[in-house]
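What the coordinates show
Residues per chain, in single letters:
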Amino acid sequence: MKDFNLEKLLRPNIRNLKPYSSARHEFTGEAHIFLDANENSFGSFQGVGVGGHHRYPDPFQKFLKEKLAEVKNVLPNQIFIGNGSDEAIDLIIRMFCEPKVDNIIINTPTYGMYKVVADIQDIAVKAVDLEEDFSLNPETVLAQVDEFTKVIFICSPNNPTGNSFGQDNIIQVLESFNGIVVMDEAYIDFSSQASFTQMLSNFPNLIVMQTFSKAWGLAQFRVGMAYASEEIIAIFNKVKAPYNLNGVIEKLTTLALTKESEKNKVVKKILEQREFLEQELKQFPFVKKIYPSDTNFLLLELDDREAIYNFLKKEGIIVRGNLNHPFIKGCLRITIGTETQNQTLLKTLKQYTTN
Ligand SMILES: *Cc1c(COP(=O)(O)O)cnc(C)c1O
């Protein structure tokens, strides 16, 4: 981090990019007649939803960012909002990684999208295995850094292993690496650990990603955030599609943010169910191990995962099976359901046992 230089780290074409400027980018004052963007001035005749459909949305989502900044205790200009955090992953790699030249580091087993996005853009991926207890060893990660390593993705709490990595270990990576460190905090609401959003001012090379898809219960909206320095966010704004966030969704998400206490109540229920499910699942003879979880899912090591997966599927219950990394090839990942769903799951597994 000591030699972190954002300008130098950027791909030259991005550094020199003159971004597309839409009509709504250029006009910032007050006006009451908008004849600048070839919208339908007669309005939208569909008569559905929250209204204002005939206008292009705000390219920078001012209202949503103001509300989000308040809830997350960051500044509005430290926020990028995208079509899911998957958009943020895609933009980060495009901003910093030169195809066929640069590389990224991921810590496996982990979320599959980092590699898919890198593969699409022809960026090499260095997959560094976690320790056998799924902890992150900063020395092992840093040993893989070379002059072409631009981004290290750290997913904590990690999907699919479910654990959080120690804060000190992550800080060691942030301090020793001169490229970008992306902290994926998709599961932070379920975790006992503090969010890294409160460390943005300490680390100019830090990007924190969060999402509305998990704890907020809004996966269908496709809204994900990246939090970073004002300088990094300015680059996101340069490379993103002008109207990357749907305006209807922007309004509904702003509304959802006023219901944080409801979200917290549901999170509490999910954590109770996680505890309950863990206690119950432990008692099945075919469950060899349940890994500690800081998320809304459990990772189970089973005697015969294929047979159990197929049995559940036959009974109409879908869990995540194809976890291919050698550390977890005997495992299933099960999302915490409602009380009723979990009871049905347990009942079905009992049938499996007696079969
Ligand atoms: C679910 C998940 C996300 C969320 O992605 P969205 O595109 O925001 O839905 C991001 N990272 C990880 C590790 C996840 O498991």
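Quick look at the structure, then. Here the structure is a predicted model, which means the values were calculated and not measured. (Residues numbered from 1 in each chain as written. Predicted model: local features only at pLDDT ≥ 70, side-chain atom pairs only at ≥ 80, totals over all residues. Heavy atoms only, no water.)

1. Thoughts on the site of the ligand
- Taken together, 13 residues lie around the ligand, and S85, D184, T211, S213 and K214 are the ones closest in.
- Contact between the ligand and Y187: an oxygen atom at 2.7 Å from a side-chain N or O atom of the residue.
- Note that an oxygen atom of the ligand is positioned 3.2 Å from one of the side-chain N or O atoms of K214.
- Alone, the ligand offers 390 Å² of accessible surface; in the complex the protein occludes 94% of this.
- Of the residues that constitute the shell around the ligand, the class distribution is 4 nonpolar, 5 polar and 4 charged. (Near = heavy atom within 4 Å. Polar contact = N/O pair within 3.5 Å; in protein donor to acceptor, adjacent residues only side chain to side chain. Areas by Shrake-Rupley, 256 points an atom, 1.4 Å probe, with all protein chains shown as cover. Nonpolar A, V, L, I, M, F, W, Y, C, P; charged D, E, K, R; others polar.)

2. Let's talk about the packing of helix α12 (residues 305–314) against helix α13 (residues 339–354)
- The N-to-C vectors of α12 and α13 enclose an angle of 120°; their axes lie 10 Å apart at closest approach. In terms of orientation, α12 lies oblique with respect to α13. Seen along the crossing, α12 lies across α13 with a hand that is right-handed. Counting all contacts with α12, which are made through A307, I308, F311 and L312, the residues of α13 involved are L345, T348, L349, Q351 and Y352. (Axes fitted to C-alpha atoms, helices over the stretch in contact; angles between N-to-C directions. Helix = DSSP H or I, 4+ residues; strand = E, 2+ residues; numbered from the N terminus. Parallel < 35°, antiparallel > 145°, perpendicular 65-115°, else oblique. Left-handed = near helix turned anticlockwise from the far one by under 90°. Contact = heavy atoms within 4.5 Å.)

3. Re the pairing of strand β1 (residues 79–82)
- Side-chain alternation along β1 places I79 and I81 on one buried face and F80 and G82 on a second face that is also buried.
- In the sheet, β1 pairs with strand β7 (residues 224–227) via 4 bridges, with the strands oriented antiparallel. Each residue of the ladder has a partner; that of F80, found in β7, is A226. (Buried < 20%, exposed > 50% of the residue type's maximum accessible area, 1.4 Å probe, protein only. Pairing = 2+ DSSP bridges.)

4. Focus on helix α10 (residues 247–256)
- Every buried residue of α10 is accounted for by G247, I249, E250, T253, T254 and A256.
- Taken together, the buried residues of α10 touch α4 (62–72) and α11 (260–281).

5. A look at unusual backbone geometry
- T108 connects to P109 through a cis peptide bond whose omega is -5°.
- Mapped onto the elements of the fold, P109 is located in the loop between β2 (103–108) and α6 (113–120).
- Of the consecutive residues S156 and P157, the connecting peptide bond is found in the cis state with omega at 0°.
- The phi dihedral of Q61 is positive, around 45°, even though this residue is not glycine.
- On the secondary structure map, Q61 appears in the loop between α3 (23–26) and α4.
- Within the chain, F134 stands out as a residue other than glycine whose phi angle is a positive 70°.

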